[in-house]
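Observations on the model geometry
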Amino acid sequence: MKFYNVESGEFDIESFRYASRLWTIVLELSVLMAQFPSKRIAELSYKFRTLGLGYANIGSMLMVHGLPYNSKEATNYAAAITAIMHMTSYATSAEIAGELEPFPGYDRNKDHMLRVIRNHRRAAWNAKDEEYEGLTITPEGIDPEYCPEELVNAARQDADRALELGEKHGYRNAQVTVIAPTGTIGLVMDCDTTGIEPDFALVKFKKLAGGGYFKIINQSVPAALRRLGYTEQQINEIVNYAKGYGTLKGSPTITHEHLRDKGFGEEQIDAVEKALPSAFDIKFAFNQWTLGEQFCKETLGISDQQLADPTFDLLEHIGFTTGEIEAANDHVCGTMTVEGAPHLKEEHLPVFDCANKCGRKGTRFIASDGHINMMAAAQPFISGAISKTINLPSEATVEDIKEAYVYSWKKMLKANALYRDGSKLSQPLNTTSGVAKVVNEEEAEEAETSPEETVAQDRVVETAERIIHKYVAERKRLPNRRGGYTQKSKIGGQSVYLRTGEYENGQIGEIFIDMHREGAAFRSLLNCFAISISLGLQHGVPLEEFVDAFVFTKFEPSGQVHGNPQIKMSTSVIDYIFRELAVTYLGREDLAHVGPEETLQRTLRPVDEPDPNDQQQLPAPKSTSEPAAAPVSGGSKETGGSAQYQRAKKMGFTGDVCGDCGSMTMVRNGTCLKCTTCGSTSGCS
């Protein structure tokens, strides 16, 4: 939307090119500034220097331009914009490669990468299927019949330039673009839509910092209506039809006069009017907290039992019918949809289609093919994949899901995420507020189930419960004499002892945790926690489940870890324990800070060097004809690990871990330590 002129309906191609070029340079500079979760990822990031340039809010822009999301005009419009961003980024990458050099892995991938760029260029020129190189399924090209001429020409110019510069200089980056969900950053940027998604609903509720909500229409709707030729008065009526007027004034059924006839005073009417603008439903404004408990009991004759009942409907109690309440609710809170709105033409309805049905009265939504077509239009001009949810209605079948996956494969998509509405136990977004009504209807349907069906369902449930109980209740006990290991470490100055018990096959079956300096209550909690984990392991709970649940938990003591060869930082004792178990029993090197190959190289002192703190010295060995071993610092030939140790020692590294960035590049800085990687200190400035 930042590059779209709402007044003229034109897209600012030059500014978009400049932004794509600028952000490619910024992302290239920041490739190695990040902290990577594993050595392998860091190595690949260095070799291929992949970027992640993308966009958001394109669904909103298409709506403002008056294009239905599920139309050839919209998909080709989006494809051209994506191609401009993608090809400009690759052209910039080639320019950087001309000044510096291509990414380290370019030479051995040169032929394949240039073939990919040539195929991307063919998609911009809408080439025939037989012209593509090495593809059995061909991508969707930009069709000039359905796309503005200036966008098509710009995309083709950028594609030609990206290939020309790449053949001359190579590319600095293996990948440059990806379409991310932008769910969080989209809120910060005040986007109506995220990534390449359409809008979820036309009417939204925004939470206020001081409490409460206010209702807004999608800010693209008024602009789209102006683009389609509606007057300001018509736009206001359509918008108010969707989001409501927020007042009983003008209501066709429940009015101020009707309320006065029911015993309402001006004080109560004013209280209701203040509550209506932030109400999800008109019923939420008519309650004892708005009207006052005394008024409800004495004037309206409501009992304490009725006030305490969450399903009690005050409006029905004072004599309004369901139809009257719904009509007033549509006037006050809106229908949440533009379907049936005054003045809106039938042919313009597809422009305002959303991912799901809008409101209680909405029937229209974007079919799964519409989502896939939009992704297929952008995918030929994206290096990576597209993170996008393909929404399916709650009545979607297994066959519908199968067809969506097959269609995605035919359209050459790299990724596909399907979501069936209502399939999650806790769905964050809903398109209607009638949840209680739906629940009541489901309970009524269950009550209508025949006794035979009920008995059959109960038998199935009982059988499933017995199978699950038998599986979970079967405990595999450890042998009386078992192996394992003990690991002593210090976390933030606190000593932690971890002891494991194993089955004959080496599988972990129990853990013991001891922190001798902690209080009795804390030690008791740790013991109970260890017992519960041990019982879970013996009942068949995978160690992976515990690791995923407890890694990254944060509480004191935390910080640097001493005594463990692979784990150097932890956010808590529990985090450390499950990192250690994951590294030892699951091979999860991604949770370690030092890889096993580095651990083997670190011989910090000779194995037979006596510990000066050990009071019980062993007798000296008998003299032999062989000369005594020279100290490490002497002139003898050093091992690779010892040589690295000596070099690090000469550079001043102490071996401590930085508390901010996690690097082991701490050097002395007066009486404290300073990190040469990030610049932070352990206490001194």
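It should be emphasised that the depicted structure is a prediction, and the values quoted were computed from it without experimental measurement.

Let's talk about the sheet that holds strand 11 (residues 569-570)
Pairing between the strands of a sheet is mediated by backbone hydrogen bonds and can be parallel or antiparallel. Taken together, five strands build an open sheet; the order of strands is 9-8-7-10-11 and the sheet is antiparallel. Looking at which strands have only one partner, the edges of the open sheet turn out to be strand 9 (508-514) and strand 11. Here strand 10 (residues 559-562) pairs with strand 11 via two bridges, running antiparallel. Note that in strand 11 the partner of Gln560 across the bridge is Met569.

Some points on a negative patch on the surface
On the surface, a cluster of negative charge is made up of Asp369, Glu399, Asp400 and Glu403. Sorting elements by how many residues they give to the negative patch places helix 18 (residues 398-410) first, with three residues. With respect to the helices and strands, Asp400 occurs in helix 18.

A word on helix 9 (residues 232-243)
For helix 9, built from 12 residues, the straight-helix expectation of 16 Å at 1.5 Å per residue is met to within 8% by its first-to-last C-alpha distance of 16 Å. Every buried residue belonging to helix 9 is among Ile235, Ile238, Val239, Asn240 and Ala242, and all of these are buried.

Observations concerning unusual backbone geometry
When glycine is set aside, most residues are seen to have a negative phi, and most peptide bonds are trans. Of note, the bond from Glu556 into Pro557 is cis; its omega dihedral lies within 30 degrees of zero at -5 degrees. Mapped onto the secondary structure, Pro557 falls in the loop between helix 22 (543-550) and strand 10. Not every positive phi belongs to a glycine, and Arg49 is a case in point at roughly 50 degrees. For Arg49, the position within the fold is in the loop between helix 2 (39-48) and helix 3 (58-64). One non-glycine residue, Phe552, lies in the positive phi region at around 80 degrees. Relative to the elements of secondary structure, Phe552 occurs in the loop between helix 22 and strand 10. Judged by its relative accessible area of 56%, Phe552 is exposed.

Observations regarding the confidence of the model for the chain
Caution is warranted with low-pLDDT regions, since their predicted coordinates should not be read in detail. Taken residue by residue, the chain gives an average pLDDT of 82. The fraction at 70 or more is 81%. When the criterion is pLDDT under 50, residues 426-444 qualifies, and its contacts beyond four places in sequence or with other chains add up to 16 contacts. Across residues 601-638, confidence stays below pLDDT 50; counting only partners more than four residues off in sequence or on other chains, it has 17 contacts.

Description of the packing of helix 1 (residues 13-29) against helix 4 (residues 72-99)
Remark: helix 1 packs on helix 4, axes separated minimally by 9 Å, with the N-to-C direction vectors making an angle of 45 degrees. Judged on the interaxial angle alone, helix 4 and helix 1 are oblique. The two elements helix 1 and helix 4 meet at a crossing, and its hand is right-handed. Across the interface between the two elements, Ile13, Phe16, Arg17, Ser20, Arg21, Thr24, Ile25 and Glu28 of helix 1 pack against Ile81, Ile84, Met85, Thr88, Ser89, Thr92, Ser93, Glu95 and Ile96 of helix 4.

A closer look at the pattern of salt bridges
Going through the model one piece at a time under the given rule, you end up with 28 salt bridges. The partner of Glu28 in a salt bridge is Arg49, with the nearest N and O atoms 2.8 Å apart. Placement of the pair is Glu28 in helix 1 and Arg49 in the loop between helix 2 and helix 3, with a sequence separation of 21 residues. A relative accessible area of 6% places Glu28 in the buried class. Judged by relative accessible area, which is 9%, Arg49 ranks as buried. Among the ionic pairs, Asp281 bridges to Arg360, the shortest N-O distance being 3.9 Å. Placement of Asp281 in the loop between helix 11 (266-275) and helix 12 (288-291) and of Arg360 in the loop between helix 16 (322-333) and helix 17 (368-378) is noted, with a sequence separation of 79 residues between them. A relative accessible area of 12% places Asp281 in the buried class. Counted as one network, the salt bridges with shared partners bring together Asp281, Asp330, Arg360 and Lys361.

Re the packing of helix 8 (residues 220-227) against helix 9
Running from N to C, helix 8 and helix 9 cross one another at 140 degrees; their axes reach a closest spacing of 10 Å. Handedness of the helix 8/helix 9 crossing: right-handed. Contacts between helix 8 and helix 9 involve Pro222, Leu225 and Arg226 on the former and, on the latter, Glu232, Ile235, Ile238 and Val239. When its residues are assigned to classes, the contact of helix 8 with helix 9 shows five nonpolar, no polar and two charged.

Some details on the environment of Asp313
The topology assignment puts Asp313 in the loop between helix 14 (304-308) and helix 15 (314-317). For the pair Asp313 and Asn287, spaced 26 residues apart in sequence, the C-alpha to C-alpha distance is 8.7 Å. Setting aside chain neighbours within four positions, we find Asp313 in contact with Lys283 and Ile325. Here Lys283 takes part through its side chain, which lies 3.2 Å from a polar atom of the side chain of Asp313.

Concerning the environment of His593
By secondary structure assignment, the location of His593 is in the loop between helix 23 (573-586) and helix 24 (596-601). Taking the C-alpha atoms as reference points, His593 and Met569, 24 residues apart in sequence, are found 7.7 Å from one another. Here the side chain of His593 touches Lys568 through a polar contact of 3.0 Å, landing on its backbone nitrogen.

Describing helix 22
Turning to helix 22, its buried residues are Leu543, Phe546 and Val547. Buried positions in helix 22, seen along its axis, are confined to an arc of 100 degrees and lie on one side of it. When the buried face of helix 22 is taken as reference, the exposed residues oriented beyond 90 degrees from it are Asp548 and Ala549. Summarising the contacts, the buried residues of helix 22 are in contact with strand 9, helix 21 (520-538) and helix 23. Phi turns positive, to about 80 degrees, at Phe552, one or two residues after helix 22.

Concerning the environment of Asp281
Sequence-wise, Asp281 and Cys333 are 52 residues apart; in three dimensions their C-alpha atoms are separated by 6.2 Å. Within the structure, the side chain of Asp281 is placed 3.0 Å from the backbone nitrogen of Lys283, a separation counted as a polar contact.

Details of the packing of aromatic side chains
One pass over the full model with this rule turns up 14 aromatic pairs. With centroids separated by 5.1 Å and ring planes inclined at 20 degrees, the aromatic side chains of Phe550 and Phe578 adopt a geometry described as stacked. Highlighted residues: Phe550 in helix 22 and Phe578 in helix 23, separated in sequence by 28 residues. Overall, the relative accessible area of 23% leaves Phe550 in the partly exposed class. These aromatic residues form a ring-pair network of at least three members: Phe48, Tyr90, Phe103, Tyr106 and Tyr171. The ring of Phe320 carries the charged tip of Lys262 above its face, separated from the ring centre by 5.2 Å. Directly above the aromatic system of Tyr503 lies the positively charged group of Lys476, at a separation of 4.9 Å from the ring centroid.

Definitions and limits used
- Residues numbered from 1 in each chain as written.
- Predicted model: local features only at pLDDT ≥ 70, side-chain atom pairs only at ≥ 80, totals over all residues.
- Heavy atoms only, no water.
- Pairing = 2+ DSSP bridges.
- Helix = DSSP H or I, 4+ residues; strand = E, 2+ residues; numbered from the N terminus.
- Patch = residues over 30% accessible without salt bridge, like charges linked within 9 Å, V, L, I, M, F, W, Y side chains within 5 Å.
- Areas by Shrake-Rupley, 256 points an atom, 1.4 Å probe, with all protein chains shown as cover.
- Salt bridge = Lys/Arg side-chain N within 4 Å of Asp/Glu carboxyl O.
- Lys, Arg positive; Asp, Glu negative; His and termini not counted.
- Charge placed at Lys NZ, Arg CZ, Asp CG, Glu CD.
- Expected span 1.5 Å × (residues − 1).
- Buried < 20%, exposed > 50% of the residue type's maximum accessible area, 1.4 Å probe, protein only.
- pLDDT = per-residue confidence, 0-100.
- Contact = heavy atoms within 4.5 Å.
- Axes fitted to C-alpha atoms, helices over the stretch in contact; angles between N-to-C directions.
- Parallel < 35°, antiparallel > 145°, perpendicular 65-115°, else oblique.
- Left-handed = near helix turned anticlockwise from the far one by under 90°.
- Nonpolar A, V, L, I, M, F, W, Y, C, P; charged D, E, K, R; others polar.
- Polar contact = N/O pair within 3.5 Å; in protein donor to acceptor, adjacent residues only side chain to side chain.
- Arc of directions from axis to C-beta.
- Phe/Tyr/Trp six-rings, centres within 6.5 Å; stacked < 30°, edge-to-face > 60°.
- Lys NZ or Arg CZ within 6 Å of the ring centre and 35° of its normal.

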